[in-house]
Structure formats: C-alpha cells, structure tokens
Amino acid sequence: MAMDFETMDKEYIVNVYNRLDAVIDHGKGSILYDVNGKEYIDFSAGIAVNIFGVCDDVWKQAVIDQLNKLSHISNVFYTEPQVLLAKMLCERTGMKKVFFANSGAEANECAIKTARKYSHDKYGEGRYTIITLKNSFHGRTMATLTACGQESLHEDFGPFLDGFVYAEPDNFESVKSLAESHKVCAVMMEMVQGEGGVHPLDPAFVKAVEEYAHAHDILVIVDEVQTGNGRTGALYAYMNYGIHPDIVTTAKGLGGGLPFAAVLFADSCQHTLTDHTHGSTFGGNPICAAGAISILKRIDDPLLADVREKGAYIKAQLEACQNVESVSGMGLMIGVKLKKDLATVVNECVDKGVLVLTANGLLRLLPPLNIPWDVLKKGMAIVCSVIDEK
Ligand code: PLP
C-alpha cells in the first residue's frame, strides 16, 4: 500500500523534498502511524511546527470552536481572535504592534518591506541594504531567498534583489565593515541558525550587533520562524540573548499545525506600515488565530523549563555516543555532527521507528516540546543505538 502512494507521489508531485520512506497517516501527540499501522516516535514535529504534537486536544478544540463560528472573513473587518492574539503577543514580548501572515517567508517579506520603508520615510532614497549572515535561512520567495546567506540556494534563480549583503556569523567586524561600506537599513539574523546547521549565535556577537545597529538607526530583525514559540527554552530565542529587536518574525509553531505567521514591531517601527502599504488575504485567519491563542497560552514557565531540561538530556545522551563528533543547539533544537554517513543514520532511524531530520550535513532533532519523558527516552535509545551501530 505504501508503495502505491510513493509511486503516485513521484508521478504527480514536484519532487523538491527528497521524501523519507514513510507514508504518515495519523497520530496523537508525539506518536505517529504510517498507512501500514507502523508506529513512529516523532523527533521532527513537522519541522518545528507541532510544538504540542499532532492533533493536540486543546488546540483542536480551539480550532473546532472557531470553525463553527466563523471560518474566514476578509481583513476589511475586525475579528476577535486576531485582536486577542495580537494583544497577547505584545504583552508577552513588549512589542507594540503585529501584522499577521501565513508563512515564515511571508513574515520575513513583511519585515524586509518594513525595514526599507522605515529607512525611506526617514532618510529618503538609497538606504535600503540589509545585512544578513552567511549560512542563514529566511525563506524561498525571491526576497527571502536573496536574504539567505547560502550560495547553494542562489544557483538557479537569478537575478536576485539588490540590497542584500552577507556577514560572517559571530564576527562583529564583518558586520561593521559591511555597515560602513553600504547604506544599511537593517540587519537580519536567526538567533540559532536552523537550516544552515543548528548554530546558536555567540551572545557577545549578537549584543555587539544590536548595540551598533541601534547606535546607527539600523533596525534589528530577528527571524524566529524556527526558534520561536518555546523551541529554544525561551518564548522567543532573542530573549535568551537579552536584546531588544525592532522586528520579530514568527511562524511554524505559532499556528499549531495550520499555516500562520506574525510579524511583531517594536516602538521604533510600529507606525511604518500604513494604510494599503501591505496586506494579506488569509493573514490572521480566525481559525488559525484561535488555534494560535490556545498554543501561546500554554507556552508558560514550566513548559520552557521542561524544554531546557529535555534539551540537556538529549545533548548528554548524544555526547556519550562514540560516532558523534559534536552536538549543537539550544533547548529542543538539536544538531548532531556524525562520524558516519548521515543518510544511513536517518534511514535507519526511520526504519527503527523514529522520525528525524537533517540540516546542512547534520542530524537534526526537533521533538514536540511536550514530548513525554518515557517517549523521549525510548526514542533517544533508538537514535543512539543507530548512531553507534557498527
Ligand atoms: N526562516 C527560518 C529561520 C526558517 O527556518 C524557515 C523555514 O524553515 C523560514 C524562514 C521559511 O518559513 P516558511 O517555510 O514557513 O516560509
């Protein structure tokens, strides 16, 4: 049966995902089942989306209740879930205003547009360059792809947008020299580079960039699409760094499994986007927003402490493996450099019932934040045995 779906998938769906060998059918929390009834422990969480696992009861109820009330209405009208969610996001972060979108890339597009308009409004033409970091990932639309600091992503799609330059991560002088040689409106970074290889930025670097940027009226954009919503053991990863971004983008986990994103604006640029300068048909959809309220409410201190504890446990288990060269990450966002073939380990893990991911040559683990301890321990025992298998 699984084979039929794989053949049909290859025939009818554009092959950009290099799928793993499992046709996932249903699940509950951190446990998934394929079409043949085989059970899997989920260490992927839909790439940092399913922070409370799949089909979580609380989220599902919030979505169903809203579905029974109002499924969609245009942004020409006010709706309650959007307003309540925006208020919650601002209260939890100290940010001042929110724009809702549907995906991480769209949220970053909005951040890029805002940074350029902020600078244009204040300084006129020409001050539009955005500094991003090498190895960064910000999305696959033309602007966000241009923003990605990975040459391999830039091979086939030129010409790219003007006005993006790439600094070395953890090298403040690199950022400063680009800022001095270009007319820069913003610097954009992930606190933990995800797709680029699960690399947490050096806190001293992040702080130095923030101080320099704010001294020169350069906006600090933090891309929390993957790191946000509890993933790193703080509500947003920038909170681990003690900085005050001007713009924060978040998506993935916020929607609990539905496509959803938010852009948060600090005081500096809360008034930059004005009537008709930006918009989205589905952004802030009431069903997605109602689900997101239920998600955000449950990202509390005990959950975040649990994320940090589980992350430390996973790291300790991996560091004890002979075939592990190094472990990186923060909270439940873990990267593993292996001394053996990555594809073999990934396929073996899936074969033995644990769903894992990769990121730029590393094994990547992103379990649901509320994965039960017994499930986590069982999954880690399998992953470690696969890694150390001869
Ligand atoms: N930014 C970061 C840091 C991401 O990890 C991703 C996706 O992996 C994106 C942006 C793009 O998000 P989306 O796929 O929702 O457009």
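These lines cover the structure that appears in this document, whether it is placed above or below. (Residues numbered from 1 in each chain as written. Predicted model: local features only at pLDDT ≥ 70, side-chain atom pairs only at ≥ 80, totals over all residues. Heavy atoms only, no water.)

Examining the pairing of strand S13 (residues 324-330)
Definition in use: Paired strands, as defined in this entry, are two strands with at least two bridges between them according to DSSP. Secondary structure follows DSSP: runs of H or I at least 4 residues long count as helices, runs of E at least 2 residues long count as strands, and numbering of each begins at the N terminus.
In the sheet, S13 pairs with strand S14 (residues 333-338) via 6 bridges, with the strands oriented antiparallel. Residue pairing in the sheet places Val 324 in a bridge with Leu 338 of S14. Counting the residues between successive antiparallel strands, the hairpin from S13 to S14 contains 2 residues, one of them, Gly 331, with a positive phi of roughly 60°.

Some details on the pairing of strand S17 (residues 362-365)
Applied cut-off: Relative accessibility under 20% of the residue-type maximum defines a buried residue, over 50% an exposed one, and the middle range a partly exposed one, all with a 1.4 Å probe and only protein chains included.
The two faces of S17 match: Leu 362 and Arg 364 on one face and Leu 363 and Leu 365 on the other face are all buried. By the bridge criterion, 3 bridges tie S14 to S17 in an arrangement that is antiparallel. Bridge pairing in S17 links Gly 335 to Arg 364. As judged from the 3 bridges shared by strand S16 (residues 357-359) and S17, these two strands associate in the antiparallel manner. Residue pairing across strands places Leu 357 opposite Arg 364, the latter belonging to S17.

Section: the site of the ligand
The cut-off we apply is this: For this purpose, a residue is taken to be near a molecule or strand whenever a single non-hydrogen atom of the residue falls within 4 Å of it. As used in this structure description, the phrase polar contact means that two N or O atoms lie within 3.5 Å; if the pair is within protein, one of them must be able to donate a hydrogen and the other to accept it, and residues adjacent in sequence are counted only when both atoms belong to side chains. Residue exposure ignores everything except the shown protein chains as possible cover, and the areas themselves are Shrake-Rupley values with a 1.4 Å probe.
Around the ligand, a shell composed of 13 residues is seen, among which Gly 104, Ala 105, Phe 137, Asp 223 and Gln 226 lie nearest. Asp 223 is positioned such that a nitrogen or oxygen atom in its side chain is 2.8 Å from a nitrogen atom of the ligand. Within the side chain of Lys 252, a nitrogen or oxygen atom sits 3.3 Å from an oxygen atom of the ligand. Contact with the protein chains hides 81% of the accessible area of the ligand, taken as 390 Å² for the molecule alone. When residues of the shell around the ligand are assigned to their parent elements, the largest contribution, 3 residues, is made by helix H5 (residues 104-123).

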